[in-house]
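# Structural features, examined
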Amino acid sequence: MLALYLNRFTLNVMEPITLFQNKRIVLGVTGSIACYKSVDLASKLTQAGAQVDVIMTEAAQKFVTPLAFRSVTGRPVYTDMWQLETHVAHVNLGETADLLIIAPATAHTIAKLAHGLADNLLTVTALAARSPLLIAPAMDGGMYEHPATQNNVHLLQERGVIFAGPAKGRMASGLTGLGRMLEPMELLAHARLALAQNGPLAGRHVVVTAGPTREPIDPVRFISNRSTGKQGLAVAQAALDAGARVTLICGPVFEPIPLGVTLIQVETTQEMGEAVLEAVKDADALFMVAAVADFRPGARSDKKIKKTEMDEEWGLAIGLEVTLDILSAVKAQREKTGYPLVTLGFAAETHNAFEYGRQKLWRKGLNFIAVNDVMQPGAGFASDTNQVVLLSSAGVVEEIPMQSKTVIAERLVHHVARALGRVNEADSG
Ligand code: CTP
């Protein structure tokens, strides 16, 4: 199953996000009842680490006060009284912003932006801004679907403006339809994608595998392992944050999928292998983080195996056979095609971690291997933290001490991005 995942997103827990540190976000708020959700959005952007400057239109101030935004951002809020305070506020705000978000954006403001009208601080700032513009529409009573609004949306999209939502659901009028502003957490994830656009992996295609694979015994039972997918999903998010186009090939996981990946859901090692070999045909990098099942039942029963089939003396024997070694298959394909340019694997070990890791690096033809000792407290499956030693054929690249899987993922992506830079230099040199 292939899908561009824009409806499940990560960030359940509010924590600082590296990508948001020192970023300047201008949040424009226009007159809709969804303004109350924008206070939460401003709070979440601030907690993520951004400096948030809010501009409110006159109509927005009828729903929420500037004080509400000021309280969560810790910064002054701009209104149309701006002329009295500083006459070049719009140029300043527009030019220094890394991202301009308008949430909620009414049909009226969208129309003004489409036609370059600039009659309040927000719309003049939008004209002066050189940053990406993210719009979260909110409107009631079928206004979004009106041809006038649709034309305006298309006009703005052609100019590169990003639209997030609206969602379908119950609107303030009691009607149900398309017009609800997205929830703050979803908007935060859209802002994250927009901020990542010019990262070090912009223009690169990165394939990431995550989670376990499952090998069926019969229609109701399977062999699998303890992987939850946390580390692989963190790598996918870190690659997105670096601006990459990410294909995520994922076994069964119960964790949120990062917004913006192209998701391929698989179950067995064979399915994962086929998906990987196809996806890496044009990939710059492969992160093979999945905990792939190494064995599968030699014969799969197509009916549920009954207890009565057990032999009293011998029990029930399930004969196992070895599954495809995906990285070895990638190695063979890469020798012919040259892709992916850079590969990184994981070695989850319970003993002799370093030595086994070195052997796997060589055997699987990898550029990097992240070795982790899953017996260490706080490392490995299901944990939010990990500790890895990153090896290349030249030796230890970095010993990454115990910390969140998010930070580990960022370090791994950093090293792969650097290696891709070196591949490019070698090509042009
Ligand atoms: N891997 C793979 N195909 C498999 C098994 C593993 O591509 N059938 C990948 C994993 O995703 C990981 C790397 O190979 O990136 C090492 O996986 P690991 O389970 O540590 O090693 P194995 O090759 O399975 O060897 P062993 O089980 O003997 O440790």
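Residues numbered from 1 in each chain as written. Predicted model: local features only at pLDDT ≥ 70, side-chain atom pairs only at ≥ 80, totals over all residues. Heavy atoms only, no water.

## Structural notes on the overall build of the chain
Test applied: Every helix listed is a DSSP run of H or I at least four residues long, and every strand listed is a run of E at least two residues long, numbered separately from the N terminus. Each residue's exposure class comes from its accessible area (1.4 Å probe, protein chains only) as a fraction of the maximum for that residue type: buried when under 20%, exposed when over 50%, partly exposed otherwise. In what follows, residue pairs with any heavy atoms lying within 4.5 Å of each other are defined as contacts. Here the accessible surface of atoms and residues is derived via Shrake-Rupley with a 1.4 Å probe, and residues count as covered only by protein chains that are part of the display.
Scanning the chain from N- to C-terminus turns up 14 helices and 21 strands. In terms of overall dimensions, the chain has C-alpha extents of about 85 × 60 × 40 Å along its principal axes. Every one of the 429 residues in the chain was classed for burial, and the buried ones make up 50%. Long-range pairs, those at least 24 residues apart, make up 70% of the contacts in the chain between residues at least 6 apart in sequence. Accessible surface computed for the chain: about 20,400 Å², of which carbon and sulfur atoms make up 53%.

## Some thoughts on the confidence of the model for the chain
Detail in the predicted coordinates should be disregarded across regions flagged by low pLDDT. Put simply, the rule reads: For every residue, the predictor assigns a confidence score, pLDDT, that lies between 0 and 100.
Per-residue pLDDT for the chain has a mean of 91; in total, 94% of the residues score no lower than 70. In this model, residues 1-13 is a region of pLDDT below 50 whose contacts with residues beyond four sequence positions or in other chains number 45 contacts.

## Side note on the nonpolar core
Grouped burial of nonpolar side chains is what soluble globular proteins tend to show. Defined as follows: Working definition of a nonpolar core: buried Ala, Val, Leu, Ile, Met, Phe, Trp, Tyr and Cys residues. They are joined through side-chain atoms within 4.5 Å.
Counting 39 residues, the largest nonpolar core has Val208, Leu248, Phe287 and Leu412 as the members making the most contacts within it. Elements with a minimum of two residues in this core: strand E10 (205-210), helix H10 (230-241), strand E13 (245-250), strand E15 (285-288), strand E18 (342-349), strand E19 (368-373), strand E20 (385-392) and helix H14 (405-428). In contact with Val208, other than residues within four places in its own chain, are Gly232, Val235, Ala236, Val246, Thr247, Leu248, Ile249, Phe287 and Val289. The next biggest cluster of nonpolar side chains, apart from the first, holds 37 residues, and it includes Ile25, Leu27, Leu45 and Val54.

## As for the domain arrangement of the chain
The condition is simple: Source of the domain bounds: an automatic or database domain assignment. For this analysis, a salt bridge means a side-chain nitrogen from Lys or Arg found within 4 Å of a carboxyl oxygen belonging to Asp or Glu. Basically, the charged four are Asp, Glu, Lys and Arg, the nonpolar ten are Ala, Val, Leu, Ile, Met, Phe, Trp, Tyr, Cys and Pro, and anything else, Gly included, counts as polar.
On domain assignment, one finds that the chain holds domain 1 (10-195) and domain 2 (205-297 + 320-428). Using only C-alpha atoms to locate each centre, domain 1 and domain 2 end up separated by 37 Å. Joining domain 1 to domain 2, the criterion identifies one salt bridge. Looking at side-chain class alone, the side of domain 1 that touches domain 2 contains four nonpolar, four polar and two charged residues.

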